[in-house]
Amino acid sequence: MTSGDTPGRIELAIGGMTCAACANRIEKKLNKLAGVTATVNYATEKAAVSYAPGVTPEDLVAAVEQAGYTAEPPRPEEDETPAAAADELLPVRRRLAVSVALSVPVIAMAMVPALQFENWQWLSLTLAAPVVVYGGWPFHRAAWTNLRHGAATMDTLVSMGTLAAFGWSLWALFFGTAGDPGMRHGFEFGMTRTDGSMNIYLEAAAGVTMFILAGRYFEARAKRRAGSALRALLELGAKDVSVLRDGREERIPIDRLAAGDLFVARPGEKIATDGVVEEGSSAVDASMLTGESVPVEVGPGDSVVGATVNAGGRLAIRATRVGADTRLAQMARLVEEAQSGKAKVQRLADRISGIFVPIVIALAVGTLGFWLGAGGGAAAAFTAAVAVLIIACPCALGLATPTALLVGTGRGAQLGILIKGPEVLESTRRVDTVVLDKTGTVTTGKMALVDVHTAEGTTAAAALRLAGALEDASEHPIAQAIARAARDRFGPLEPVTDFENIAGLGVQGMVDGHAVLAGRPRLLAEWSQHLPAELERVTAAAQAAGHTVVAVGWDGAARAVITVADQVKPTSAQAVARLRELGLRPVLLTGDNETVARTVARQVGIDEVIAEVLPAGKVDVVRRLQAEGRTVAMVGDGVNDAAALAQADLGLAMGTGTDVAIEAADLTLVRGDLRVAADAIRLSRRTLRTIQGNLFWAFGYNVAALPLAAAGLLNPMIAGAAMAFSSVFVVANSLRLRRFRPLADTPPPAPAAGAPAREPVRV
């Protein structure tokens, strides 16, 4: 963590925020201090603050507390256990459960005349009171904080509307005629002035509280995942390690490993920390961290990185960096910085509420003053004024975002698309560039057989059968690709005797009475088995195409070359075409070499390629594209993509990838099919458009009904019908998302010969 580690910079954990406007208010308060630059992230609930000499951390905490919130240095990540996260959600979940159980019968009695039995209104009050007071307490508390600081948000509108509806219902029940036995909700369509003594609005108070509380719960649950990428990164490292001391191996916890210690990495084990190989040679699978699809051969003097996998022989490694200095820890910091630096998106409802709430309050006060001044009587004046507050209560507004998000994310889940939260949707609308990781995203991420080329007089079947049997005894990923292809074709493979692994060159052994060599051409040359000219040409061509070549010889002669490569997924080219149709510019970004990257890009139809990029470099590439004015979506699957996924305006993780990438991303594509990325963006854009439409109609209903309320013409029938219609409209509009159809399973139409390029489709 960076909390206080560097003089002049601290990271504070912020408490009490309920919306993006809260983060904005805290940020403004901190930035007013001389010499302070602060960024507050609502999603991670953290403030990254740089401060000049003369400013102390205590001053920063005091400034946040003056704004009505809490601040403290964050707890270490290891303290953030899943149980602790669940405990934080427990109060919200409990409030929601109570509110749902009590609100449903209140709404049912108010809306269904057949349920309005004798004195039903008193049961309605009994059930609604805990919902408004207990369930709505977070909104009332936030509204009070906003009031003390002269601000207004969605919380202010919710608290004001629900308390006005509940308070007026209490007055009508105890001092008006609404408490009389046999009271029914009126169902007259005429608009006449009334003193409101027989009108109750308990269903509005309870229903709004329940719906908005549900939205806040799902939002809080999504926010808890913000720090999961860091925890997942830290969990990737080894938990313990075998250290060599006085010639003996001793197993110790990883946190006791010190720089300079000599430790062992056996075949299949994770390398415990960054270091330099002192003994042994092996192939190290670093694709998780670097994106290179081909394992790296290492020997004495070569550097290795912690959390990569030793795929071959035993290695003795001298630790050079441990703890916070390792590459893995640096990547965790990159992810955290990218998440903290991501542009904050304020909710549309909060932005409108900041204008709408003061107008409603002013209108209510003006209505009260007008009717008192016009001699309309105190009861009629208060009725009209409170009616203004009640009709402003955001019943449909409370449904606008949660219902569209619920239907949209539910439909997405059916299609293998997981959307983390509403703030994700706003990014999809503006995206114009999509950066695609190569290994595991555009390609399968696994080495596979490409072709077998043989010398004259040798069959491909014989070469693959012998090479596959020999390579089956090796743990090297390239060897396993050949063995897997042979096993798929021939079934069980021949046993191998006298097997030997020649470090950095290949393998040798006896198979079915033949002395077989498989590996680099140099290995065969050392046994005077030189490749014929034809196979030399095949080897050169394969290497130029970015393929890996394994030479095979037996019985004293070089007889074949086998090429293997990371295969392009069958659907990747179609996926790139789909992304182009959405108006997106595809860019291939990889840590692999330029030749391989260019070959893959040609196969899938990508023009722009950025290769040989380290994880930190991937973040820099995304930042550079953003600095050019582009809005960037990033699609990746590996640990090496996590920081770039967090930095991008929209991060999409392949569900077949690592947990770290999935946690750092905004959208997860469960199927691992790149075509789903285009569907995810289409669905997200459509869901956002639905939310915006819902908000427009919800506010439109309030604005249209306010003049009637101010004129004293709002009777329960009109108000109830209008509220019900607006809510039904919002729900019905949201349910249209269930008809969303994916394009992933249909091929894109081919343009006619000579036809102009298709215009980008904006969905």
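The model shown is predicted, which means the values in this text are computed figures rather than measured ones. (Residues numbered from 1 in each chain as written. Predicted model: local features only at pLDDT ≥ 70, side-chain atom pairs only at ≥ 80, totals over all residues. Heavy atoms only, no water.)

Examining the overall build of the chain
Check the secondary structure of the chain and you find 26 helices and 26 strands. For the chain, the proportion of its 763 residues judged to be buried stands at 53%. Of the accessible surface of the chain, which amounts to about 31900 Å², a share of 58% is contributed by carbon and sulfur atoms. (Helix = DSSP H or I, 4+ residues; strand = E, 2+ residues; numbered from the N terminus. Buried < 20%, exposed > 50% of the residue type's maximum accessible area, 1.4 Å probe, protein only. Areas by Shrake-Rupley, 256 points an atom, 1.4 Å probe, with all protein chains shown as cover.)

Description of the confidence of the model for the chain
Per-chain confidence: the chain averages 78 in pLDDT, with 80% of residues scoring 70 or above. Low pLDDT (under 50) marks residues 1-6, which in the prediction has 13 contacts with non-local residues, meaning those over four places away or in another chain. Of the regions scoring below 50 in pLDDT, residues 748-763 engages in 25 contacts with residues more than four places distant in sequence or in other chains. (pLDDT = per-residue confidence, 0-100. Contact = heavy atoms within 4.5 Å.)

Details of the UniProt feature "transmembrane region" (unreviewed entry) in the chain
UniProt's feature table lists "transmembrane region" (unreviewed entry) at residues 96-114, 120-137, 157-178, 198-218, 352-372, 378-401, 694-711 and 717-735, given in the numbering used throughout. Between the end C-alpha atoms of residues 96-114 the distance is 27 Å, and the span holds 84% helix and 0% strand. With 94% helix and 0% strand, residues 694-711 has end C-alpha atoms that lie 27 Å from one another. (UniProt positions renumbered as here; feature names shortened; annotations may be inferred.)

Quick notes on the packing of aromatic side chains
Applying the stated criterion across every chain yields a total of three aromatic pairs. Between Trp122 and Phe174, the aromatic rings sit 5.3 Å apart at their centres with planes inclined by 75°, giving edge-to-face as the arrangement. On the criterion of sequence distance, the pair formed by Trp122 in helix 4 (residues 120-135) and Phe174 in helix 6 (residues 154-174) is long-range, its members being 52 residues apart. With a centroid separation of 4.9 Å and 25° between ring planes, the pair formed by Trp168 and Trp171 is classed as stacked. (Phe/Tyr/Trp six-rings, centres within 6.5 Å; stacked < 30°, edge-to-face > 60°.)

Structural notes on helix 20 (residues 572-581)
Every buried residue of helix 20 is accounted for by Ser572, Ala575, Val576, Arg578, Leu579 and Glu581. Looking at the buried residues of helix 20, the elements they touch are strand 15 (433-437), helix 15 (438-442), strand 21 (557-568), strand 22 (585-589), helix 21 (594-604) and helix 25 (675-710). In the stretch just after helix 20, Gly583 is the one whose phi turns positive, near 85°.

A look at the packing of helix 16 (residues 460-471) against helix 17 (residues 477-490)
Axis separation between helix 16 and helix 17 bottoms out at 8 Å; the angle between their running directions is 125°. When the axis of helix 16 is compared with that of helix 17, the two are oblique. Helix 16 and helix 17 meet at a crossing whose hand is left-handed. Here Ala461, Leu464, Arg465, Ala467, Gly468 and Glu471 of helix 16 lie close against helix 17, whose contacting residues are Ala479, Gln480, Ile482, Ala483, Ala485, Ala486, Arg489 and Phe490. Here the contact of helix 16 with helix 17 is built from residues that sort into nine nonpolar, two polar and three charged. (Axes fitted to C-alpha atoms, helices over the stretch in contact; angles between N-to-C directions. Parallel < 35°, antiparallel > 145°, perpendicular 65-115°, else oblique. Left-handed = near helix turned anticlockwise from the far one by under 90°. Nonpolar A, V, L, I, M, F, W, Y, C, P; charged D, E, K, R; others polar.)

So, the side chain of Thr563
Note on placement: Thr563 falls in strand 21. Residues in contact with Thr563, not counting those within four places in the same chain, are Ala448, Leu449, Val450, Asp451, Ala542, His547, Thr548 and Val549.

Some points on the pairing of strand 18 (residues 506-511)
For a regular strand, side chains alternate in direction, first toward one face of the sheet and then toward the other. Counting buried residues along strand 18, five of its six residues qualify, which places the element largely inside the surrounding structure. Here strand 17 (residues 496-502) pairs with strand 18 via five bridges, running antiparallel. Bridged to Thr497 within strand 18 is Met510. Between strand 17 and strand 18, which pair antiparallel in sequence order, lie three residues; one of them, Gly504, sits at a positive phi of approximately 75°. Bridging between strand 18 and strand 19 (residues 514-519) involves six bridges; their strand directions are antiparallel. (Pairing = 2+ DSSP bridges.)

Focus: the sheet that holds strand 9 (residues 282-285)
Strand pairing within a sheet occurs via backbone hydrogen bonds; the two strands may be parallel or antiparallel. In space, the three strands of this open sheet follow the order 10-9-12, with antiparallel pairing throughout. Edge positions in the open sheet fall to strand 10 (296-298) and strand 12 (309-310), since each of these has one partner strand only. Inspection of the sheet shows strand 9 paired to strand 12 by two bridges, in the antiparallel sense. Looking at the pairing, Asp285 lines up with Val309 of strand 12.

Considerations on a positive patch on the surface
Residues Arg689, Arg736, Arg739 and Arg741 make up a contiguous surface patch of positive charge. Secondary-structure assignment places Arg736 in the segment after helix 26 (716-735). Residue Arg736 is classed as partly exposed on the basis of its relative accessible area, which comes to 46%. (Patch = residues over 30% accessible without salt bridge, like charges linked within 9 Å, V, L, I, M, F, W, Y side chains within 5 Å. Salt bridge = Lys/Arg side-chain N within 4 Å of Asp/Glu carboxyl O. Lys, Arg positive; Asp, Glu negative; His and termini not counted. Charge placed at Lys NZ, Arg CZ, Asp CG, Glu CD.)

Details of the sheet that holds strand 13 (residues 315-321)
With antiparallel pairing, the six strands of this open sheet are ordered in space as 6-5-7-13-8-11. The sheet terminates laterally at strand 6 (248-253) and strand 11 (303-304), the two strands that pair on one side only. Alignment of strand 5 (residues 240-245) against strand 7 (residues 262-265), held across two bridges, turns out to be antiparallel. Looking at the pairing, Ser242 lines up with Val264 of strand 7.

Notes on the nonpolar core
In terms of nonpolar packing, the biggest core is built from 46 residues, with Leu436, Leu588, Leu650 and Leu652 touching the most fellow members. Counting residues per element, this core draws most heavily on helix 25, which supplies nine residues. Setting aside its immediate chain neighbours within four residues, Leu650 contacts Val424, Ser427, Thr428, Val431, Val632, Ala633, Met634, Asp666, Leu667 and Ile681. (Core = buried A, V, L, I, M, F, W, Y, C linked by side-chain atoms within 4.5 Å.)

Topic: a nonpolar patch on the surface
On the surface, a nonpolar cluster with roughly 230 Å² of combined accessible area is contributed by Met111, Val112 and Leu115. One can find Val112 in the loop between helix 3 (82-111) and helix 4. Relative accessible area serves as the criterion here: at 36%, Val112 is assigned to the partly exposed category.

Details of the pairing of strand 1 (residues 9-15)
For strand 1, a buried count of five out of seven residues is recorded, marking the element as mostly surrounded by other parts of the structure. Of the pairings in the sheet, the one linking strand 1 to strand 4 (residues 70-72) comprises three bridges and is antiparallel in character. Bridging from a neighbouring strand, Ile14 pairs with Ala71 of strand 4.

Re unusual backbone geometry
The phi torsion at Asn119 lies on the positive side, around 65°, for a residue other than glycine. Within the element layout of this structure, Asn119 appears in the loop between helix 3 and helix 4. Residue Asn119 is classed as partly exposed on the basis of its relative accessible area of 32%. Here the phi dihedral of Asp512 falls at roughly 55°; this positive angle occurs in a residue that is not glycine. In this structure, Asp512 sits in the loop between strand 18 and strand 19.

Notes on the side chain of Arg682
Inspection of the secondary structure assignment puts Arg682 in helix 25. Polar contacts involving the side chain of Arg682 include one to the main-chain carbonyl oxygen of Arg741, which spans 3.3 Å. (Polar contact = N/O pair within 3.5 Å; in protein donor to acceptor, adjacent residues only side chain to side chain.)

As for the pattern of salt bridges
Counted by the stated rule, this structure contains 25 salt bridges. Note that Asp566 and Lys438 form a salt bridge whose closest N and O atoms lie 3.7 Å from each other. Note that Asp566 is positioned in strand 21 and Lys438 in helix 15, a separation of 128 residues in sequence. For Asp566, a relative accessible area of 10% corresponds to the buried category. Lys438 sits in the buried class, given a relative accessible area of 0%. Of the charged contacts, one joins Arg465 and Asp512 as a salt bridge, the two residues approaching to 3.8 Å between their closest N and O atoms. Linking Arg465 in helix 16 with Asp512 in the loop between strand 18 and strand 19, this pair joins segments that are 47 residues apart in sequence. Looking at Asp512, the relative accessible area reads 44%, which means it is partly exposed.

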